[in-house]
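One letter stands for each residue in the lines below.
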Amino acid sequence: MRRFLSVRVWDLTTTVLVVVLWEIVADYIYPAFNANSRNIFPPPWAVVQTAGNLISNGELFHHIGVSLLRVVVGFSAAALIAIPLGLSMGAWPGWRRQMSVVVEVLRPIPPFAWIPIGLLWFGVGDTQSIFVIFIASVFSILLNTVAGIDAVEPILRRSALSLGADRRKLFYHVILPAALPQIVVGLRIGLAFAWMVLVASELIGSTSGLGYLILDSRNLGLPSLAFMGMLIIGLIGYILDIGLRTLERMLMPWR
Amino acid sequence: MDLSGTPAVELRNVSKTFTSAKLGETLLALDNVSFSIQRGQFFVILGPSGSGKTTILNLVAGFEPPTHGQVLAMGKPIRGPSWQRAVVFQEHALFPWLTVADNIAFGLRMKEIPKRTRRDKVAEYIDVVGLSGFADKYPKELSGGMKQRVGIARALAVDSDIVIMDEPLGALDAQTRAEMQGELLRILQHEKRKTVLFVTHSIEEALKLGDEILVMSARPGRVKQVFHLSQARPRSILTDPEILQMNVELHRLLHRDT
């Protein structure tokens, strides 16, 4: 069976039907009630046309590139800090108790609430977005790393100890690989959050990126631009998750 | 000093209590238990649930300390887990991220045995437990019986003085279990005088495998009686009159408890 982005071609039937329905509503049904419908609810071909224009003048890839860079930098920084921190908290209960109040108070703050502070500290631009993306993804990676270590079955620890593992070897040869699946879950959730707040931060404090593009469509009175931006955001989010799932399979062939 | 006369394992007046923090209750799991296991013996602990079988095993493995008394291995007090007392668990406890070969090699890696020796040893044990052709499979690809073969190979490959087996065949279906009892005897023939501490609640299994059977009583766990068997293995437990007599006796002892 032919596959496209890990989906069988036949399974795309509903997707095609949704687009067809969209076309019918936007081009035939809605205009019958509202003469201004084109400027509110564009048909799919208008969205494709807008995308075509932005691709030919290079603007679309510029905005995608800017957004991706922000996500990659913010998310990577979060992973580089959260994974070692989570591992250390999982390994040393005293250190974890020290950290727990700080983490538990900061964690429930919605990442969007950090945007004004980000703007104040870093101004309009890349750094502000990266900061908010970092905040958005760091907690899910951290907490899942700790949870992954907690979930290591005691019998596997005992099994390793009775085969001669010392504390250090136990950590590298048992706890780390046993916690890995949960750490990857944290990365996937973190990446989803990162992508979500990216758009919010660009809507408010940026002059480039996909979020900015969506906001710009309102100023330009061009709804097809917003639709296009949204679809591209959705599509890239989807592709990023597939990428992480592929990485998951490569890292963990035993699952 | 010649230690060859020292028992492989010795429990001296061992008691173990557990305190439930939630209920504030104390449970006496083992009450003044003493026995010793001679080197090279296949020593079976038989008892109903709640008789402290697993507690004894955890003490000998070094997973838990006794509340009172002394637990000795090769004449020395046990201070914690060691590869000298490798454990085969009922739930096999294989590392799911390692292949069959890497699971068997685990103890050897922990001991930092050179790669070449390790490879030879792993190949040897894969052969001994009858898993040729499965070296590169992951545990999830194996049946219950095969997983337990890996668990046994893993504990034997590390070359410990003592192997502790916690109802290793308890999770298997009846047919596989009977087959594995025979396999275990065959596998252990490959080992030179290894001391085995084997925990079970199956009378049949105890009679088939043990040199010595220690019967425990439940709540609190106490030593009830010790049986010696000198019959050669594999044994038929249905024809030997002495074993038949023991069978009746063991049933009587265990069923009075439950």
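All figures in this text were calculated on a predicted structure; none of them were measured in a lab. (Residues numbered from 1 in each chain as written. Chains lettered and ligands numbered in written order. Predicted model: local features only at pLDDT ≥ 70, side-chain atom pairs only at ≥ 80, totals over all residues. Heavy atoms only, no water.)

1. Let's talk about the overall build of chain A
Summing up its helical and strand segments, chain A has 10 helices and two strands in all. For chain A, the succession of helices and strands along the chain, N to C, is β-β-α-α-α-α-α-α-α-α-α-α. In terms of overall dimensions, chain A is more spread out than a globule: its C-alpha atoms have a radius of gyration of 23 Å, far above the 18 Å expected for 255 residues. Dimensions of chain A, computed from C-alpha atoms along their principal axes, come out at roughly 75 × 55 × 30 Å. Evaluated residue by residue, chain A yields a buried proportion of 44% over its 255 residues. A sequence separation of at least 24 residues applies to 70% of the contacts in chain A between residues at least 6 apart. When the accessible surface of chain A is summed, it comes to about 13,700 Å², and 69% of that surface belongs to carbon and sulfur atoms. Charged side chains of chain A number 18 positive and 13 negative; the gap between the two group centres comes to 11 Å. (Helix = DSSP H or I, 4+ residues; strand = E, 2+ residues; numbered from the N terminus. Rg over C-alpha atoms; globule rule 2.2 N^0.38 Å. Buried < 20%, exposed > 50% of the residue type's maximum accessible area, 1.4 Å probe, protein only. Contact = heavy atoms within 4.5 Å. Areas by Shrake-Rupley, 256 points an atom, 1.4 Å probe, with all protein chains shown as cover. Lys, Arg positive; Asp, Glu negative; His and termini not counted. Charge placed at Lys NZ, Arg CZ, Asp CG, Glu CD.)

2. Focus on the domain arrangement of chain B
All names here are of chain B. For chain B, the assigned domains are domain 1 (1-84 + 162-173 + 191-258) and domain 2 (94-159). If you look at the interface, domain 1 gives seven residues, while domain 2 gives nine residues. Across the interface of domain 1 and domain 2, roughly 760 Å² is buried in total on both sides, 68% from carbon and sulfur atoms. Inspection of the domain 1/domain 2 interface yields one salt bridge. We note a salt bridge from K194 to D159, for which the minimum N-O separation is 3.8 Å. The interface formed by domain 1 and domain 2 holds three residue pairs in polar contact (both at pLDDT 80 or more) in total. (Domains from an automatic or database assignment. Buried area = accessible area lost by both parts, 1.4 Å probe. Salt bridge = Lys/Arg side-chain N within 4 Å of Asp/Glu carboxyl O. Polar contact = N/O pair within 3.5 Å; in protein donor to acceptor, adjacent residues only side chain to side chain.)

3. Examining the confidence of the model for chain B
Per-chain confidence: chain B averages 90 in pLDDT, with 97% of residues scoring 70 or above. Both scores are available for the predicted complex, with the pTM at 0.83 and the ipTM at 0.89. (pLDDT = per-residue confidence, 0-100.)

4. Considerations on a nonpolar patch on the surface
All names here are of chain A. Together, V16, V20, I24, Y28, I29 and F33 give the surface a local cluster of nonpolar side chains, amounting to about 630 Å² of exposed area. Its location among the elements puts I29 in helix α1 (residues 13-33). According to the relative accessible area criterion, I29 is partly exposed, its value standing at 42%. (Patch = residues over 30% accessible without salt bridge, like charges linked within 9 Å, V, L, I, M, F, W, Y side chains within 5 Å.)

5. Thoughts on the sheet that holds strand β1 (residues 9-20) of chain B
Residue and element names in this part refer to chain B. Judged by pairing direction, the sheet is antiparallel, and its four strands sit side by side in the order β2-β1-β4-β5 without closing on themselves. Two strands bound the open sheet, and with one partner strand each, they are β2 (25-37) and β5 (76-77). Sheet topology places β1 next to strand β4 (residues 68-73); five bridges connect them, and they run antiparallel. When the sheet's bridge partners are listed, V9 is paired in β4 with A73. Packed on one face of the sheet, helix α1 (residues 53-61) meets β1, β2 and β4 and runs near 115 degrees to β1. (Pairing = 2+ DSSP bridges. Axes fitted to C-alpha atoms, helices over the stretch in contact; angles between N-to-C directions.)

6. Quick look at the domain arrangement of chain A
Residue and element names in this part refer to chain A. You can read the domains of chain A as domain 1 (1-39) and domain 2 (42-251). Of the roughly 890 Å² buried at the junction of domain 1 and domain 2 (both faces included), carbon and sulfur atoms supply 69%. Applying the counting criterion to the domain 1 and domain 2 interface returns two residue pairs in polar contact (both at pLDDT 80 or more). Per-element accounting of the side of domain 1 that touches domain 2 gives the leading share, five residues, to α1.

7. What to know about the pairing of strand β10 (residues 222-228) of chain B
All names here are of chain B. Note that strand β9 (residues 212-217) and β10 share six bridges and pair antiparallel. When the bridges of β10 are listed, I213 appears paired with F227. Between β9 and β10, which pair antiparallel in sequence order, lie four residues; one of them, R219, sits at a positive phi of approximately 45 degrees.

8. Looking at the sheet that holds β9 of chain B
All names here are of chain B. Across the sheet, which stays open at both edges, the six strands sit in the order β6-β7-β8-β3-β9-β10 with mixed pairing between neighbours. A strand with exactly one partner marks an edge of an open sheet, and here the two such strands are β6 (85-88) and β10. Taking each pair of neighbouring strands and ignoring which way they run, the sheet shows an average axis angle of 20 degrees. Sheet topology places strand β7 (residues 162-166) next to strand β8 (residues 195-200); five bridges connect them, and they run parallel. Across the sheet, the residue bridging to D166 is V199, located in β8. Along the sheet, helix α4 (residues 144-157) makes contact with β6 and β7, crossing β6 at roughly 180 degrees.

9. Observations regarding the interface of chain A and chain B
On the side of chain B, 26 residues touch chain A, which itself brings 18 residues to the contact. Summing both partners gives a buried area of about 2,000 Å² for chain A against chain B, and 68% of it is carried by carbon and sulfur. Interface area lost by chain A to chain B is led by R158, L163 and W254 of chain A, which between them contribute 35%. The tally of links between chain A and chain B comes to two salt bridges. The salt bridge partner of E112 of chain B is K169 of chain A, with a shortest N-O separation of 2.8 Å. Our enumeration of links across chain A and chain B arrives at eight residue pairs in polar contact (both at pLDDT 80 or more). Elements with a contribution of two residues or more to the side of chain A that touches chain B: α7 (154-161) and α8 (167-205) of chain A. Here the element with the most residues in the side of chain A that touches chain B is α7 of chain A; it accounts for six residues.

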